[in-house]
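Summary of the model geometry
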Amino acid sequence: MTTLPTFDEMLIGPDQVRDPYEVYYDWFSNDDIKRLRKKSEDAEAFFRRIGITFNVYGQDEADERLIPFDIVPRIIAAREWARLERGIEQRVRAVNAFLHDIYHRQEILRAGRIPKEIIAGNEAFIPEMIGVNPPGGVYTHIVGVDLVRTGPDEFFVLEDNVRTPSGVSYMLENRETMLQMFPELFTKMKVRPVSSYPQLLRRSLSDSAPSGSPNSKPVVAVLTPGIHNSAYFEHAFLADQMGAELVESHDLRIEDGRVAMRTTQGYQPIDVLYRRVDDAYLDPLTFNPDSLLGVPGIMDVYRSGNITLANAPGTGIADDKALYSYMPEIIEFYTGEQAILKNVPTWRCSEPDALAHVLENLKELVVKEVHGSGGYGMLVGPAASKKELAAFEKKLRAKPANYIAQPTLALSTVPILTKAGLAPRHVDLRPFVLVSPNRIDITPGGLTRVALKKGSLVVNSSQGGGTKDTWVLGD
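Where an unreviewed UniProt entry is consulted, the protein appears under the name Circularly permuted ATP-grasp type 2 domain-containing protein, with the organism given as Actibacterium pelagium.

Here you go:
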């Protein structure tokens, strides 16, 4: 398989620096490497102190870990970001239109643009959402779009995250840490801020509240599964930053046809629930009857239009990896435009010809579970042993519809700080998008994940990756 040469986002050649990095590279070259290493240690101590950890499932010896933070920013030019913003907004609008269609008239299925079985046999499709109109017509209030880069003007969407995208707390804390450690850099460079995200989130959620609320202004709460959830820090952080209540299922009940939360003054009706609980556990009367994480009867309140659930139940069908391969068609169908941001070429293993191709080229491809996330259940062919390849081939032959495959992209590299100085590592980016009935806000930056091992293409924190701050430059 032919691969593109790796694109270095900072350097054109030895000591030839690309425009966005010029000021930073000059500053770095004149700084003391020992001072920077000490700053790196200070950053790690800070993250440990405030408790930004994540859980690694299935690894009892270290179920809580600190995500390594690299102090060298990734820098994106204003021109580059402007194109990304247009492509992300186009994609998010198409996803919302698709979700409304798929739970109503299903015109895209009637037109034969995507096969019916992708929807009908999909566990992420929630039949209980058919005919339901979310307040304001918004299904995906918070979206995370994973982007990778392969060249100067070549960006690909790796996947869409429209269920409950996580990682925004890292984006915010990474920026806060960089501001404290390197204030002089922010005076030299016009870096667009990300700190307003919690206020924008609050506004966006409030704007999506149902009409006819008894509250004088919309009441917003964050529903968390509890302290043992891997993203609990983020749930608590965002609730605090928004000035919203953090609630668990036992804090909520149905009262007079509304969802109400327990307060010191009694139960108060909620207008918007930013839920970080999966669909299956949201309402034991509608979905999993054994769930202790949800609220019995909340779906009845939702269907009657008396609460906004962000994101809407059933949105997971739009970030299913089998459906991902149809996103160019979905964008064209609902917007009448060609997709601004490309998809990664994808083979659907449910199709016999595609499966044959994947099995023949397994050692050159990346294979992912259709419902997988977080880097689990995937095979990176070029990095896999013969034993791993053989085991994965058995899985593919047994349940081909569970998998899709993609070429191994030559992800761009950005600099990280090592003992020897700056060194290139592969990177991706998850910008966060806020959708309300009247506007779409795209945060200039996002969760930036970097593969800390030399040559590694896997950036997930669960697989040994770290994070860094992305700076989008102003005009």
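Describing the packing of aromatic side chains
Under the defined criterion, the tally for this structure stands at 12 aromatic pairs. Judged by centre distance (5.6 Å) and plane angle (55°), the rings of F46 and F47 are tilted. Neither F46 nor F47 differs from the other in exposure class; each is buried. With a centroid separation of 6.3 Å and an interplanar angle of 65°, the aromatic rings of Y197 and F432 are classed as edge-to-face. Of the two residues, Y197 sits in helix 8 (residues 197–207) while F432 sits in strand 22 (residues 432–435), which places them 235 residues apart along the sequence. Each member of the pair Y197 and F432 is classed as buried.

Digging into the side chain of N215
Secondary-structure assignment places N215 in the loop between helix 8 and strand 8 (220–223). Within the structure, N215 has its side chain in polar contact with the side chain of D271 (distance 2.9 Å). Here N215 is in contact with Q268, P269 and D271, once residues within four sequence places are set aside.

Quick notes on the packing of helix 8 against helix 9 (residues 232–242)
It is at 8 Å that the axes of helix 8 and helix 9 come closest, and there the two elements cross at 80°. Between helix 8 and helix 9, the interaxial angle falls into the category roughly perpendicular. For the pair formed by helix 8 and helix 9, the contact residues are Y197, P198, Q199, L201, R202 and L205 on the first element and L238, Q241 and M242 on the second. Among the residues forming the contact of helix 8 with helix 9, the class breakdown is 6 nonpolar, 2 polar and 1 charged.

Brief notes about the pattern of salt bridges
According to the stated counting rule, one finds 29 salt bridges in the structure shown. The partner of E332 in a salt bridge is R113, and the shortest N-O contact between them spans 3.5 Å. Residue E332 is located in helix 12 (residues 327–335), and its partner R113 is located in the loop between helix 4 (107–110) and helix 5 (116–120); the two are separated by 219 residues in the primary sequence. With a shortest N-O distance of 2.8 Å, R449 and D428 are connected by a salt bridge. One end of the pair, R449, is in strand 24 (residues 447–451); the other, D428, is in strand 21 (residues 421–430), and 21 residues separate them in sequence. If you follow the salt bridges from partner to partner, you end up with E9, R74, E80 and R149 in one network.

Criteria and cut-off values
- Residues numbered from 1 in each chain as written.
- Predicted model: local features only at pLDDT ≥ 70, side-chain atom pairs only at ≥ 80, totals over all residues.
- Heavy atoms only, no water.
- Phe/Tyr/Trp six-rings, centres within 6.5 Å; stacked < 30°, edge-to-face > 60°.
- Buried < 20%, exposed > 50% of the residue type's maximum accessible area, 1.4 Å probe, protein only.
- Helix = DSSP H or I, 4+ residues; strand = E, 2+ residues; numbered from the N terminus.
- Polar contact = N/O pair within 3.5 Å; in protein donor to acceptor, adjacent residues only side chain to side chain.
- Contact = heavy atoms within 4.5 Å.
- Axes fitted to C-alpha atoms, helices over the stretch in contact; angles between N-to-C directions.
- Parallel < 35°, antiparallel > 145°, perpendicular 65-115°, else oblique.
- Nonpolar A, V, L, I, M, F, W, Y, C, P; charged D, E, K, R; others polar.
- Salt bridge = Lys/Arg side-chain N within 4 Å of Asp/Glu carboxyl O.

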